[in-house]
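# What the coordinates show
So the chains spell out like this:
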Amino acid sequence: MNVMGKLTILKQRLQERYLYEWAYRSMPSRQQRYIAKLSKRKEIRVAFFVLNVSMWKYQGLAYLLRENPRFRVCIVLSPGYSCTQSQQLQDIRQMRTYFAERGMEYIDWRLEDGEPAKDVRQLFDPDIVFYSHPYHGSYHPQHCFLQFTDRLIAYTPYSYLQSQAPFNYDNVMQNIAWKLYYANRYQMADARRLARNKGVNVVVAGYPSSDVYLYGPSELAWKDTEHRRKRLIWAPHFTLANDGSVFSRSNFLMMADFMVELAERYRNELEIAFKPHPNLLSQLQKHPDWGYERTEAYYKKWQTMENTQLADGEFVNLFRDSDAMIHDSGSFVVDYLYFNHPVMFVTSDIERAKSYVNEPGKRAYDAHYVGKTLDDVQNFVDQVVLGGNDTKQTDRQQFYSSFLEEADGLTVAQHIYDDMVRSLGV
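Summarised in this report is the structure supplied together with it. Worth saying up front: this structure is predicted, and the values here are computed from it rather than measured. (Residues numbered from 1 in each chain as written. Predicted model: local features only at pLDDT ≥ 70, side-chain atom pairs only at ≥ 80, totals over all residues. Heavy atoms only, no water.)

## Concerning the environment of Glu314
To keep things clear, this is the line we draw: Secondary structure counts use DSSP, requiring at least four H or I residues in a row for a helix and at least two E residues in a row for a strand, with both numbered from the N terminus. By the convention used here, residues are in contact when the closest approach between their heavy atoms is within 4.5 Å.
Relative to the helices and strands, Glu314 is located in the loop between strand S10 (308-310) and helix H13 (316-320). Note: C-alpha distance between Glu314 and Tyr98 (216 residues apart in sequence) is 9.5 Å. In this structure, Glu314 is in contact with Val53, Tyr98 and Arg102, ignoring residues within four places of it in sequence.

Structure follows, in structure tokens:
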């Protein structure tokens, strides 16, 4: 890293410290002054910064905003800053296709041509910026929320917040944002307890993924279109160290060869979709025992075996039309329960996983089968997936009715849109 790069990082760190320690207090009044300026404008520009297709849950909101002549909506293609170039290229190509098919205006980034990150302020000059990640380093510095502290910052988590820990609620961006659109009263309570600003900017709007799961179009997602085999998803997380910490939960290294062998052994009974976390590709390419070539070969194997497929993009229809899932990804603990299919969470210590989550999180884990060992995984496949001995069905149904079922019949996108229009006075 050159001297200018180090100075940029140092400047950002100092700016974050200033915002977190002092400036967050003045943000509400600054934001109201900016809203007063917007009331005189004919056009309010809204930018969504998108990391990849699988984490994008806000198409419904983008459509609603676009239908209102007061808003102009633009998507910013911004693949994960810490990802390898091959993964960034894969993600940005998928995003181009996705947003072009939906007729969305977007700011491209020609990574394959060595183009630098686009200056969004210069190209679009947004008034409102939406993010789905609050963590430092998720986005390129040019696309970081620090570039927009004089505008209105909105944050809607891409996953269902469970962990009752400061990293989920007390980041710099969360304390200075205009709006934090959270799923329920449990998350609001956690924000009020853990955030430096006491969650004054939190609005309970529902979980955005529910719009996709409940109202998204039904499209073919499985290679075996006739459903001759049971459809099983394997969705490993990306944190390969697995040291027991909150951020480290993946069992991929333990399961990688086993799952391939399982697919080969059950080629007539199972169709298995390998649904890796979007960042797993980069982590494996960087891993000393894997690297680029081994990783590419492994992903290619899942694409080419007779009864398997690689699912590295949208996954709603993959979930909807599946029969079961095995995973260790925190964001899927709640998400897969929308579909009431048997699901196993792989961990050596489920009580540890439950110890740091809120009440919905605990109940969601209780609705899972637990795999401590590969033998447990094998038994789940034999007895539950293939044998049909599903003893957790009632638990899943109760979880859905208690935490996911809609009360007012409105979409989450509508809730967010209505709050924005009301707060802006447009």
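## Some remarks on unusual backbone geometry
Test applied: Only protein chains enter the accessibility calculation, which uses a 1.4 Å probe; a residue whose area is less than 20% of its type maximum is buried, one above 50% is exposed, and one in between is partly exposed.
Here Lys198, not a glycine, exhibits a phi torsion of approximately 65 degrees, which is positive. You can see Lys198 is positioned in the loop between helix H8 (185-194) and strand S7 (202-204). The class for Lys198 is exposed, based on a relative accessible area of 51%. In this structure, Asn340 is a non-glycine residue whose phi angle is positive, near 55 degrees. Mapped onto the elements of the fold, Asn340 is located in the loop between helix H14 (332-335) and strand S12 (343-346). Take Asn340: its relative accessible area is 25%, and that puts it in the partly exposed class.

## A word on the sheet that holds strand S1 (residues 44-50)
Counted only if it meets this: Strands are treated as partners if at least two bridges between them are detected by DSSP. A fitted line through C-alpha atoms serves as each axis, taken over the contacting stretch for helices, and the angle formed by two N-to-C directions is quoted from 0 to 180°.
Strand order in the open sheet formed by 7 strands is S3-S2-S1-S4-S5-S6-S7, and the pairing between neighbours is parallel. Edge positions in the sheet fall to strand S3 (106-107) and S7, since each of these pairs with one other strand and no more. Sheet strands touched by helix H4 (residues 85-101): S1, strand S2 (71-77) and S3. Its angle to S2, the strand with the most contacts, is close to 155 degrees. Each of S1, S2, strand S4 (128-131), strand S5 (152-155), strand S6 (179-182) and S7 touches helix H19 (residues 412-424); the most contacted strand, S6, lies at about 155 degrees to it.

## Let's talk about the environment of His277
With respect to the element layout, His277 can be found in the loop between strand S9 (270-274) and helix H11 (280-286). By relative accessible area, His277 is classed as buried at 8%. Sequence separation between His277 and Ala311 is 34 residues, and the spatial gap between their C-alpha atoms is 9.9 Å. Non-local contacts of His277, meaning those with residues more than four positions away in its chain, are made with Met55, Tyr158, Pro236, His237, Phe238 and Ser329.

## Considerations on the side chain of Ser250
Here is the rule we go by: Two N or O atoms count as a polar contact when they lie within 3.5 Å, although within protein this holds only if one can serve as hydrogen donor and the other as acceptor, and sequence-adjacent residues are included solely when both atoms are side-chain atoms.
Its location among the elements puts Ser250 in the loop between strand S8 (230-235) and helix H10 (252-265). At a separation of 3.1 Å, a polar atom in the side chain of Ser250 contacts the main-chain carbonyl oxygen of His237.

## Overview of the sheet that holds strand S11 (residues 324-327)
Ordered in space as S10-S9-S8-S11-S12-S13, the 6 strands form an open sheet in which the pairing is parallel. At either end of the open sheet lies a strand with only one pairing partner, and these are S10 and strand S13 (369-371). On average, each strand axis in the sheet is inclined to that of its neighbour by 20 degrees, with strand direction left out of account. Bridge count for S9 against S10 is 3 bridges, and the pairing is parallel. Along S10, the bridge assignment pairs Ile272 with Thr308. Against the sheet, helix H17 (residues 374-386) touches S8, S9, S11, S12 and S13, its axis set at about 170 degrees to S11.

## Observations concerning the pairing of S9
In terms of burial, S9 is largely enclosed, as 5 of its 5 residues are buried. Burial along S9 is two-sided: the residues Leu270, Ile272 and Phe274 and Glu271 and Ala273 are all buried. Two strands pair when backbone bridges link them, and S8 and S9 are joined in this way by 5 bridges, in the parallel orientation. Paired with Ile233 across the two strands is Ala273, which belongs to S9.

## Thoughts on H17
Condition: Here, expected helix span is obtained from the residue count minus one, scaled by 1.5 Å. Here the bend at each residue means the angle between axes fitted to two seven-residue stretches, the one ending at that residue and the one beginning there.
An ideal rise of 1.5 Å per residue puts 18 Å on 13 residues; H17 measures up with 17 Å between its terminal C-alpha atoms. Its axis deflected by about 25 degrees at Phe380, H17 carries its strongest bend there. Buried residues of H17: Val377, Gln378, Phe380, Val381, Val384 and Val385, and no others. Next to the buried residues of H17 lie S8, H10, S9, S11, S12 and S13. Positioned one or two residues after H17, Gly388 has a phi angle of 75 degrees, which is positive.

## Here we look at the side chain of Asn251
Mapped onto the elements, Asn251 comes out in the loop between S8 and H10. A polar contact is formed between the side chain of Asn251 and the backbone oxygen of Val346, at a distance of 2.9 Å.

## Focus on the packing of helix H16 (residues 359-366) against helix H18 (residues 393-404)
The line we're drawing: Note that the term roughly parallel is reserved for angles under 35 degrees, roughly antiparallel for angles over 145, roughly perpendicular for angles of 65 to 115, and oblique for everything else. In a left-handed crossing the near helix is turned counterclockwise from the far helix by less than a right angle, and in a right-handed crossing that turn is clockwise.
Running from amino to carboxyl end, H16 crosses H18 at an angle of 160 degrees, the nearest separation of the two axes being 9 Å. Our classification of the angle between H16 and H18 gives roughly antiparallel. H16 and H18 meet at a crossing whose hand is left-handed. Facing Glu359, Pro360, Arg363, Ala364 and Asp366 of H16, the residues of H18 in contact are Asp395, Gln398, Phe399, Ser402 and Phe403.

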